[in-house]
Amino acid sequence: MKLKLNIWRQIDRDAKGAMQSYELDEVSPEMSFLEMLDVLNEKLIAEGSEPVEFEHDCREGICGSCGVMINGQAHGPQKGTATCQLHMRKFSDGDEINIEPWRAAAFPVLKDLVVDRAPFDRIVESGGYITAPTGAGPDANLIPVPKDAADAAFDAAACIGCGACVAACPNSAAQLFTAAKIEHLNLLPQGQAEKHQRVLGMVGTMEQYFGSCTNHGECTEACPKEIPLDYIAFMNRDYVKAQLKNRKLLGQR
Amino acid sequence: MIGNLDSAVPPGDIGDKWTQHKFDMKLVAPNNRRKLDVIVVGAGLAGASAAATLGEQGYNVKVITYHDSPRRAHSIAAQGGINAAKNYKNDGDSVYRLFYDTVKGGDYRSREANVHRLAEVSVDIIDQCVAQGVPFAREYGGLLDNRSFGGAQVSRTFYARGQTGQQLLLGAYQAMMKEVAAGTVELVTKTEMLDLVVKDGVACGVVTRDLRTGAVERHSAHAVLLTTGGYGNVFYLSTNAMHSNATAAWRAHRRGALFANPCYTQIHPTCIPQAEEFQSKLTLMSESLRNDGRVWVPKDPDETRPAAQIPEEDRDYYLERKYPSFGNLVPRDVASRNAKTVVDEGKGVGPLKNGVYLDFSQAIERLGKEAISEKYGNLFDMYERITDENPYETPMRIYPAVHYTMGGLWVDYHLQSNVPGLFVLGEANFSDHGANRLGASALMQGLADGYFVISYTMANYLAGILGQPAVPTDDAAFTATEADVKNRINQFLSIGGTRSPDHFHKELGKIMWEHCGMARNEAGLTKALGEIPALREEFYKDLRVLGSGDSINQSLEKAGRIADFLELGELMCRDALERNESCGGHFREESQTEEGEALRRDDEFSHAAAWEWTGDPSNPQLHKEELVFDNVALTQRSYK
Ligand SMILES: Cc1cc2nc3c(=O)[nH]c(=O)nc-3n(C[C@H](O)[C@H](O)[C@H](O)COP(=O)(O)OP(=O)(O)OC[C@H]3O[C@@H](n4cnc5c(N)ncnc54)[C@H](O)[C@@H]3O)c2cc1C
Ligand code: SF4
Ligand code: FES
């Protein structure tokens, strides 16, 4: 197939970027979206133009590196699919495709389609762990975890940290990511001791970087792991409880 | 010549060595630890677990990774599971059996003492991960579930759906982030190590490039840990993440670290066959699928019917036929070679006739679609996204692909390379899997090294240099290494040729797959040893890297990695040629039994081959570590 690609090009963080158009023929429907960009890049290099920079690594939808806006949709048209797993058979001959980086104040563009997602690490740093120093754990089967709880925790833990939820949100909120990270741990017996500090710490950091949630639900729609909105409700519930119960906080009031 | 390689294996009974040695090794007192700087390069399972543990203990740790977040390390993609000798299934497992299976699975080319230690600490890993909140699969009673993997007759594999690597890595990453918050671990992301700094024969730091700004920087430490993963991408097409590469290990090799058993490559039997020329990587379908899927090809090479219409009597379930006791669960090397045999016989399936069937129809009949979906749902979905075929209805098509490298930097029992102060953990070292790694054992090894081994063995080293300051970064050793790094970058940018880095990578991959892949022989390897240096020469003449060195430039990053692959590939072929026997993943056509199975030659090759850099990539120096088997009797492996 033959495609017209409009791609965001930006030299560095401080530069002003712009869309640039490219024609690409001989795109096979068996190619993945990123393989299509590989072909474009090889062509650009052969012509003496700088290739388009985009993030990727596993190409299996698990590392969360990839992610671009495809015709205005984070990760493109296929539901539950990261950019790297999207295949060109979802497009047709003659299509025009707009390809842009994630747009969010907290994710500045570093070059072309590459953005800086470091604030996600800052959120995790603020409580996204269980303090269990190496060697201190009891036998793994000592505390049975009901299968339902393990499954619910897993559904949250499936988040790949790609940032599509933020990119899709009209407010650039990071509620879905933060909720997934918190609830993975808060739903497990092992996560109970730090439950309140965790939600307060992580939500606090989230609010420093990201916008606020007004329940659009675009995040879940864009999420390659289809993390349900329920987790945001769980997070809000935990947050309210933590505010009431956190002794340290109460003591300060 | 470095003399006889000393593996530093402590004396004593195999079952007591590690316990006794932990007591015998020197310790560093808590108040001294914060005065000691440790660099960890790479934040996969091995690196993140090491950094978390060393941070908790109070060392001053710096973690360097080329990813924008450590959570993206290649380990994230591991699917199937992690082994541990918990014997929760009461089916006869034990530390000794895991040890035995691993030595046998590795075709008797690993170091017994290391493997036993690995089996011992395996049980602690599961406890650790569960305490961190890793959501392993559970049974309805709330206890942990297990499945079985190739090369074992017990169920000892713990798993988290088909995303075990992801969940284990998130556990280790989160534990590390806890230390980042505590201030013991400093994270340096989007930064690639480009060289090791060695002063007076001792590792004292690294030189890196910031991938965002291009800044070349110096980092000094009392100990350097390389946890930078394997080198399967030398083949261009593999299941490894696109950026996985050998540069950290190769640069250390060029600074004096021995590279051991480079030819030991694992070709994984269950990957989605290549579809066409532009393909950028291959996707693994976890080995766990072989628990319920049956492997077959049509008996007739000219078969044209769709799989479902081929009656039982016209199918050849070749693994079940040839290996009745292990059946579809033979080790990876055996499964891969047999797939190659039937495809070479023209019985391959799919449009390019380059695969074999992995069929779930009977399992779905027996257990129901829901049970199968619960176990493998995400793998089935992934398969469908890539191939547009529904594996609940038509059998999967699979074919072997490069997956893992057993070879790596040589380390002793302490995981220390022959360069003092340089430790190597995880897939980057050569230590535990011999000539073939069993499924679910890489995750185990990475976490064993990082959580439970390095803190003891590194302390033993650091205790000996207590009170010495780290080499300052303005030392001549740093200045010289930094200059080398900058020269190399400038060289790539200024060649001004016509071919992209990927072009050379693909060419190298073709040579490697053809001559150093699933089957190797003298003629092919000799040919490759001529072709690779020629390709390397062309690379330095005709490479084209556009753009500059002071911003994000992935072509430039690739160029450096491919330059190193072009040297490592040659060493792999040389090692494969030198090892004139078949063992595990290394199959020399000249050395096979009458039935076509791998034939080891223990009299001549019961050693690890450790290569020394001499300055000329075509002329390395070979050293040997003789392998001693006091516990496991060497036999010809049989999975019949
Ligand atoms: C698809 C797939 C599935 C697998 N499934 C299983 C399984 O089910 N069970 C199992 O036991 N094993 C499995 N394996 C193998 C296993 O995942 C790996 O062997 C293991 O994760 C390697 O861990 P590591 O910590 O040694 O290195 P990696 O996870 O490879 O980490 C290395 C990291 O170091 C960093 N790095 C590398 N070089 C540099 C540099 N120069 N500068 C800065 N940073 C650098 C990068 O971030 C890189 O990601 C699988 C492998 C693949 C490819
Ligand atoms: S919640 Fe979904 S969209 Fe957001 S970072 Fe996680 S996986 Fe990506
Ligand atoms: S490249 Fe890893 S998720 Fe897309």
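The rules behind each value
Residues numbered from 1 in each chain as written. Chains lettered and ligands numbered in written order. Predicted model: local features only at pLDDT ≥ 70, side-chain atom pairs only at ≥ 80, totals over all residues. Heavy atoms only, no water. Near = heavy atom within 4 Å. Polar contact = N/O pair within 3.5 Å; in protein donor to acceptor, adjacent residues only side chain to side chain. Areas by Shrake-Rupley, 256 points an atom, 1.4 Å probe, with all protein chains shown as cover. Helix = DSSP H or I, 4+ residues; strand = E, 2+ residues; numbered from the N terminus. Pairing = 2+ DSSP bridges. Axes fitted to C-alpha atoms, helices over the stretch in contact; angles between N-to-C directions. Contact = heavy atoms within 4.5 Å. Nonpolar A, V, L, I, M, F, W, Y, C, P; charged D, E, K, R; others polar. Buried < 20%, exposed > 50% of the residue type's maximum accessible area, 1.4 Å probe, protein only. Parallel < 35°, antiparallel > 145°, perpendicular 65-115°, else oblique. Left-handed = near helix turned anticlockwise from the far one by under 90°.

Examining the site of ligand 1
All names here are of chain B.
Alright, step 1. Residues in contact with ligand 1 amount to 37 residues; listed here are only the nearest, H67, S75, G80, E427 and L443.
Alright, step 2. H74 is positioned with one of its backbone polar atoms (N or O) 3.1 Å from an oxygen atom of ligand 1.
Alright, step 3. Side-chain polar atom of S75 to an oxygen atom of ligand 1: 2.5 Å apart, as the coordinates give it.
Alright, step 4. Burial of ligand 1 by the surrounding chains reaches 99%, relative to a free accessible area of 1,000 Å².
Alright, step 5. Mapped by element, the contributors of at least two residues to the shell around ligand 1 are α3 (45–57), β6 (191–199), β15 (396–405) and α12 (442–463).

Focus on the sheet that holds β6 of chain B
As a general point, the strands of a sheet are linked pairwise by backbone hydrogen bonds and lie either parallel or antiparallel.
Residue and element names in this part refer to chain B.
Alright, step 1. With antiparallel pairing, the three strands of this open sheet are ordered in space as β6-β7-β8. Single-partner strands in this sheet number two, and they are β6 and β8 (216–220). For this sheet the average axis-to-axis angle between neighbouring strands, irrespective of direction, equals 25°.
Alright, step 2. Pairing between β6 and strand β7 (residues 202–210): eight bridges, direction antiparallel. Within the sheet, the bridge partner assigned to M193 lies in β7 and is T208.
Alright, step 3. Where helix α13 (residues 476–494) meets the sheet, it contacts β6, β7 and β8, and its direction lies at approximately 140° from that of β6.

Some details on the site of ligand 2
Residues and elements named next belong to chain A.
Alright, step 1. As a matter of local geometry, ligand 2 sits amid 13 residues, with C159, C162, G163, C165 and C223 nearest to it.
Alright, step 2. Mapped by element, the contributors of at least two residues to the shell around ligand 2 are α4 (164–168) and α5 (175–186).
Alright, step 3. When the residues that make up the shell around ligand 2 are grouped by side-chain class, the tally is 11 nonpolar, two polar and no charged.

Here we look at unusual backbone geometry
All names here are of chain A.
Alright, step 1. One non-glycine residue with positive phi stands out, namely E26, at about 60°.
Alright, step 2. Relative to the helices and strands, E26 resides in the loop between β2 (18–24) and α1 (33–47).
Alright, step 3. Judged by relative accessible area, which is 70%, E26 ranks as exposed.

Focus on the packing of helix α4 (residues 95–105) of chain B against helix α5 (residues 112–132) of chain B
Residues and elements named next belong to chain B.
Alright, step 1. Contact pair α4 / α5: the axes reach a minimum separation of 8 Å and the direction vectors enclose 135°. In terms of orientation, α4 lies oblique with respect to α5. Taken as a pair, α4 and α5 cross one another with a handedness that is right-handed. In contact with V95, Y96, L98, F99, T102 and V103 of α4, α5 contributes E112, V115, H116, A119, E120 and S122.
Alright, step 2. Each residue belonging to the contact of α4 with α5 can be placed in one class, and the counts come to seven nonpolar, three polar and two charged.

Some remarks on the environment of E626 of chain B
Residue and element names in this part refer to chain B.
Alright, step 1. As for its position among the elements, E626 is in strand β19 (residues 621–626).
Alright, step 2. Each C-alpha atom, one on E626 and one on K558, is 37 Å from the other, the two residues being 68 residues apart in sequence.
Alright, step 3. When near neighbours in sequence (up to four residues on either side) are disregarded, E626 contacts S606 and H607.

Things to note about the side chain of Q166 of chain B
Alright, step 1. Within the secondary structure layout, Q166 of chain B lies in helix α6 (residues 164–182).
Alright, step 2. Given a relative accessible area of 0%, Q166 of chain B falls into the buried group.
Alright, step 3. Engagement of the side chain of Q166 of chain B in a polar contact is seen with the side chain of Q167 of chain B, the distance being 3.1 Å.
Alright, step 4. Aside from chain neighbours lying at most four places away, what touches Q166 of chain B is I62, A157, A158, C159 and I160 of chain A together with S75, I76 and A78 of chain B.

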